[in-house]
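# Summary of the model geometry
Chain residues, written in single-letter form:
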Amino acid sequence: MKDYDAIVIGGGHAGIEACLALSRMKYRTLLITQSLDAIGRLSCNPAIGGLAKGNLVREIDALGGEMAHLIDSTMIQFRILNRRRGPAVQAYRAQADKFSYSRLAKETLEKEECLELFMDTVTDFITENGAVIGVVTERGWKIRCRVVVLTTGTFMNGRIFIGDFDAESGRLGEPSAKGLGDSLRRMGFNVGRMKTGTPARVKKSSLDFSRLEVQDGDEDMRPFSFLDGKIERPSLKCYITYTNERTHQIIRDNIHLSPLYGGKIVGKGPRYCPSIEDKVVRFPDRERHQIFVEPEGVGTEEMYLNGLSSSLPERVQHEFIRTLPGLEHCEIMRPAYAVEYDYLDPLDLYPSLESKRLRNLYIAGQTNGTSGYEEAAAQGIIAGINAALRLDKKDPLILKRSDSYIGVLIDDLTTKGTKEPYRMFTSRAEYRLALRNDNADSRLTPLSPLASAERKEALEEKLRSMDEIRELLKAKKERGKNGLELLREPEVTIDSLNISEMERYPEETKEEVELDLKYEGYLKRQDREIERFEKNEALAIPSSFDYDSIDGISKEAIEKFKAVRPLNVGQASRISGVRVSDIAVLQVALRAKKNG
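If you're wondering where the values come from, they're calculated on a predicted model, not measured in any experiment. (Residues numbered from 1 in each chain as written. Predicted model: local features only at pLDDT ≥ 70, side-chain atom pairs only at ≥ 80, totals over all residues. Heavy atoms only, no water.)

## With respect to the overall build of the protein chain
A tally of regular secondary structure across the protein chain gives 19 helices and 24 strands. Here the protein chain has a C-alpha radius of gyration of 25 Å; the compact-globule value for 596 residues is 25 Å, and the two agree. Counting all 596 residues of the protein chain, 59% fall into the buried class. Here the contacts in the protein chain between residues at least 6 apart in sequence split such that 73% fall between residues at least 24 apart. When the accessible surface of the protein chain is split by element, carbon and sulfur atoms take 47% of a total near 25300 Å². (Helix = DSSP H or I, 4+ residues; strand = E, 2+ residues; numbered from the N terminus. Rg over C-alpha atoms; globule rule 2.2 N^0.38 Å. Buried < 20%, exposed > 50% of the residue type's maximum accessible area, 1.4 Å probe, protein only. Contact = heavy atoms within 4.5 Å. Areas by Shrake-Rupley, 256 points an atom, 1.4 Å probe, with all protein chains shown as cover.)

Encoded structure:
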């Protein structure tokens, strides 16, 4: 087989973004995946976006990624979450047609000019002088390349559990990726185990919808992508039901049959998306738990029970699921199950997502201990961009916490690490008021070497429109104030000012101007905080810096500095267990070295 510039391992959401970034930056790229039919599969919840996650999707799009286009073309319900709360915590969420999403993802990759797809399993790396120079596959192929992006998701030594049944598998019915995890262990990588799970799927026609609460989507389906126009797609209903004391009693009576509580699963599960048995054990006083009943697509009978993941035996699942109102006679089409898999310690990564242990190897997605399609795709696009920049012999793209949620995500992983599946929340971002979903293009498109000319022109047009809107507002006079001053009042909106010329501008553009004005005081204060933050980020730490030579830093801090190898004082200050006094001494030493 011929050589390539880049190889991407894994066709999930991280792999999709990584291989598209590399190929669109004109590098000959090979995607190797175990199943071409599973590219972009929505393994768990068939939805994209949500709180903080929707911001990630908009940021991926602003950088030039694909996830937003995929969901815009396949959504079957759209909602803006937290409409009644502030703009910093509002987010887009869309239910996807699961099968159309995966098919479109595969078609998109197949049409990419510099990208080839190959179905096999990577079992080992070819290395030379501390760098990866190729891969070995299960069928014996040795394929050379200059960079590798590893995105194995839940498949590396994956094992699924349903009661006392377990099997080597990354998803139900799909084989696990064996060999590579063991190879990485032999090479000295810190390999751990994590666990996630998925609920049962039930047959739509077996449900009693008269007993379920209806959850309609928004009438106005908005695009996630800054380049996509108005969405014209059918909107399907979602539904809500609740567990009850009967449900909980059945689970308590059978908890000993759960592999989570029987010791078969050793991996740490997601704290913020626990299984139903976890909920019952951890919250014994809760009388009920909310369950969302969501369609998997337009052309399927399968419905997803969001909030009801489990690894209990199938007979127990049948028993407790049928205690839920509306599901008394439901037919289970696929059982719930847990999956345990290998992940790599993200503290072994630079903020570029390149491995510290093996040069030219970039790692992204659940392989780094994260949870969720959006977190995976966000890492995938950064890994792909930085692998391409390495081939270009250029500096990597490092997004700061003040730039984006993606910057927060990667900084958290590479500075603090994670012992449980990491999920993005708005509360993790210190500067979230400036990181709204409406301004992701203004923040990130100018930074991205992947952004197309079309994307840059669209941003320029939007910024021109925003300037024109501000001029129209300045010219508007009312109650002795101009429109800019009026809009700072909580009850005033752009539409309430009745400026006829405003009709030619998109609603999203007008809303962004309005939010900027209403939160101008808060944003200025946050800008000052960001300025202080960036002073520490600008104080670089040389890779060869000798921490042992500094008097006054605690031994614990020295060990952590040497393990993480922070790029700057800002990153050093965020390492868990490092004291303020340690950072003060480090700053003095760095300045002395710089001036000496």
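## Looking at the pairing of strand E11 (residues 159-162)
Across four bridges, E11 lies against strand E12 (residues 165-171) in antiparallel orientation. Looking at the pairing, Ile162 lines up with Phe165 of E12. Taken together, E11 and the strand that follows it, E12, pair antiparallel across an intervening segment of two residues, in which Gly163 is found at a positive phi of about 60°. Note: E11 against strand E21 (residues 337-344), three bridges, orientation antiparallel. Among the inter-strand pairings, Ile160 is bridged to a residue of E21, identified as Val339. (Pairing = 2+ DSSP bridges.)

## Comments concerning the side chain of Thr241
Relative to the helices and strands, Thr241 is located in strand E17 (residues 238-242). By relative accessible area, which is 2% here, Thr241 ends up buried. Only 2.9 Å separates the side chain of Thr241 from the backbone oxygen of Pro325, close enough to count as a polar contact. (Polar contact = N/O pair within 3.5 Å; in protein donor to acceptor, adjacent residues only side chain to side chain.)

## Some remarks on empty space enclosed by the protein
By rolling a water-sized probe across the atoms, one finds the places where empty space is left. Applying the stated criterion to the full structure yields one cavity of 30 Å³ or more. As a volume, the largest cavity reaches approximately 40 Å³. Forming the boundary of the largest cavity are Phe189, Leu344, Asp345, Asp348, Leu349, Ser355 and Ile363. Looking at side-chain class alone, the lining of the largest cavity contains four nonpolar, one polar and two charged residues. (1 Å grid on protein atoms, 1.4 Å probe; cavity = no way out; pocket = protein on both sides within 12 Å on 5 of 7 lines; lining within 4 Å. Points joined across faces, edges and corners; volume = space filled by probe spheres on them. Nonpolar A, V, L, I, M, F, W, Y, C, P; charged D, E, K, R; others polar.)

## With respect to the layout of surface pockets
By volume, the second largest pocket amounts to about 980 Å³. Lining the second largest pocket we find 41 residues, and of these Arg222, Glu507, Glu508, Thr509 and Glu511 sit closest to its centre. Elements represented by at least two residues in the lining of the second largest pocket include exactly helix H13 (453-475) and helix H15 (507-518). With eight residues, H15 is the largest single contributor of residues to the lining of the second largest pocket. Per-class residue counts for the lining of the second largest pocket are 13 nonpolar, eight polar and 20 charged.

## Quick word on the packing of aromatic side chains
Under the definition given, this model contains nine aromatic pairs. Look at Phe78 and Tyr92: their rings are 5.1 Å apart centre to centre, the planes differ by 75°, and that puts the pair in the edge-to-face class. Here Tyr92 lies in strand E5 (residues 91-96) and Phe78 lies in strand E4 (residues 75-81), a separation of 14 residues in the sequence. Residues Phe545 and Tyr547 carry aromatic rings whose centres are separated by 5.1 Å and whose planes lie at 75° to one another, so their mutual orientation is edge-to-face. The exposure class of Phe545 is buried, given its relative accessible area of 11%. Here a set of aromatic residues connected by ring pairs shows up, and it is made of Phe78, Tyr92 and Phe224. One Lys or Arg, Arg58, reaches over the ring of Phe226 and ends 3.9 Å from the middle of that ring. (Phe/Tyr/Trp six-rings, centres within 6.5 Å; stacked < 30°, edge-to-face > 60°. Lys NZ or Arg CZ within 6 Å of the ring centre and 35° of its normal.)

## Some words on the pairing of E12
Remark: a regular strand shows side chains that alternate across the two faces of the sheet. Here E12 runs beside strand E13 (residues 174-175); their pairing, made up of two bridges, is antiparallel. Of the residues in E13, the one forming a bridge with Arg171 is Glu174. The loop that links E12 with its antiparallel partner E13 comprises two residues; one of these, Gly173, has a positive phi angle of about 85°.

## Some words on the pattern of salt bridges
One pass over the structure, following the stated rule, counts 60 salt bridges. One salt bridge in this structure joins Asp438 and Arg436, with 2.8 Å as the shortest N-O distance. On the basis of relative accessible area, Arg436 is assigned to the buried category, the value being 1%. (Salt bridge = Lys/Arg side-chain N within 4 Å of Asp/Glu carboxyl O.)

## So, helix H3 (residues 67-74)
Residues spaced three or four apart along an α-helix point in a common direction, a consequence of the helix completing one turn every 3.6 residues. Most of H3 sits out of view: seven of its eight residues are buried. Among the residues making up H3, those that are buried are Met67, Ala68, His69, Leu70, Ile71, Asp72 and Thr74.

## Re the sheet that holds strand E1 (residues 6-9)
The strand order across the open sheet built from five strands is E6-E2-E1-E10-E22, with neighbouring strands paired in parallel fashion. With partners counted over all chains shown, the strands left at the sheet margins are strand E6 (115-119) and strand E22 (361-363), one partner each. Across the sheet, the mean angle separating the axes of adjacent strands is 20° when strand polarity is ignored. Taken together, the five bridges between strand E2 (residues 29-33) and E6 define a ladder with parallel strand orientation. Residue pairing for E6: Thr33 is matched across the bridge by Met119. In this fold helix H1 (residues 13-24) packs onto E1, E2, E6 and strand E10 (147-150), with an angle of close to 170° to the strand it touches most, E1. (Axes fitted to C-alpha atoms, helices over the stretch in contact; angles between N-to-C directions.)

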